[in-house]
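Residue strings, one per chain:
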Amino acid sequence: QVQLVESGGGLVQAGGSLRLSCAASGRTFSSYTMGWFRQAPGKEREFVASISRRGGTTYYADSVKGRFTISRDNAKNTVYLQMNSLKPQDTAVYYCAADPNTAHAMSLMTFDYDYWGQGTQVTVSS
């Protein structure tokens, strides 16, 4: 079992920044595609960003392009989400997830991911 532990959430004013971190257990972290998802109250969980195993390829939801950056440090078994220019509509519980399946092309869907973190609350006030 892969354990994912998130940190960095909190309350920030619109226009501010936060950096989320997700630390993963296990020696095979570098074999996982990693993703970030978010879920606001009453809404479906939605894709935010993903990063390939070596970090060379990233994907972003249109709603966060140009504002959020996903990165990873395989030596530290950690994936990050740098969030800039935050908006109230970014308010959600943010989850990191791991996809060990090498057959997946882009890992944009929730069902692509086998392991999930506990979630961390991000609240953006106006």
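Conventions used here
Residues numbered from 1 in each chain as written. Predicted model: local features only at pLDDT ≥ 70, side-chain atom pairs only at ≥ 80, totals over all residues. Heavy atoms only, no water. Phe/Tyr/Trp six-rings, centres within 6.5 Å; stacked < 30°, edge-to-face > 60°. Helix = DSSP H or I, 4+ residues; strand = E, 2+ residues; numbered from the N terminus. Buried < 20%, exposed > 50% of the residue type's maximum accessible area, 1.4 Å probe, protein only. Lys NZ or Arg CZ within 6 Å of the ring centre and 35° of its normal. Pairing = 2+ DSSP bridges. Axes fitted to C-alpha atoms, helices over the stretch in contact; angles between N-to-C directions. Disulfide = S-S within 2.5 Å.

## Quick look at the packing of aromatic side chains
Next, step 1: In the structure shown here, the tally under the stated rule is five aromatic pairs.
Next, step 2: With centroids separated by 6.4 Å and ring planes inclined at 45 degrees, the aromatic side chains of Y32 and Y115 adopt a geometry described as tilted. With Y32 in the loop between β3 (18-24) and β4 (33-39) and Y115 in strand β10 (residues 115-116), this residue pair connects regions lying 83 residues apart in the sequence.
Next, step 3: A relative accessible area of 7% means that Y32 is categorised as buried.
Next, step 4: An aromatic cluster of three or more residues is present, and its members are F37, F47, Y113 and W116.
Next, step 5: Stacked on the ring of F29, the Lys or Arg R72 has its end atom at 4.5 Å from the ring centre.

## Here we look at unusual backbone geometry
Next, step 1: Phi angles above zero are rare outside glycine, and N77 is one such case at about 55 degrees.
Next, step 2: Relative to the elements of secondary structure, N77 occurs in the loop between β7 (68-73) and β8 (78-83).
Next, step 3: The phi angle at S85 is positive, at roughly 50 degrees, despite the residue not being glycine.
Next, step 4: With respect to the element layout, S85 can be found in the loop between β8 and β9 (92-99).

## Brief notes about the sheet that holds β7
Next, step 1: Pairing within the open sheet is antiparallel, and its four strands lie in the order β1-β3-β8-β7. Edge positions in the sheet fall to β1 (4-7) and β7, since each of these pairs with one other strand and no more. The mean angle between the axes of side-by-side strands here comes to 15 degrees, regardless of whether they run parallel or antiparallel.
Next, step 2: When β1 meets β3, the two strands line up antiparallel, connected through four bridges. From the neighbouring strand, V5 faces β3, where its bridge partner is A23.

## Concerning the state of the cysteines
Next, step 1: Tallying each qualifying case throughout the model produces one disulfide.
Next, step 2: Here C22 connects covalently by a disulfide to C96, the sulfurs 1.9 Å from one another. Given an S-S torsion of about 40 degrees, the disulfide between C22 and C96 has right-handed geometry. Pair noted here: C22 is in strand β3 and C96 is in strand β9, with a separation of 74 residues, a long-range link.
Next, step 3: We classify C22 as buried; its relative accessible area is 0%.

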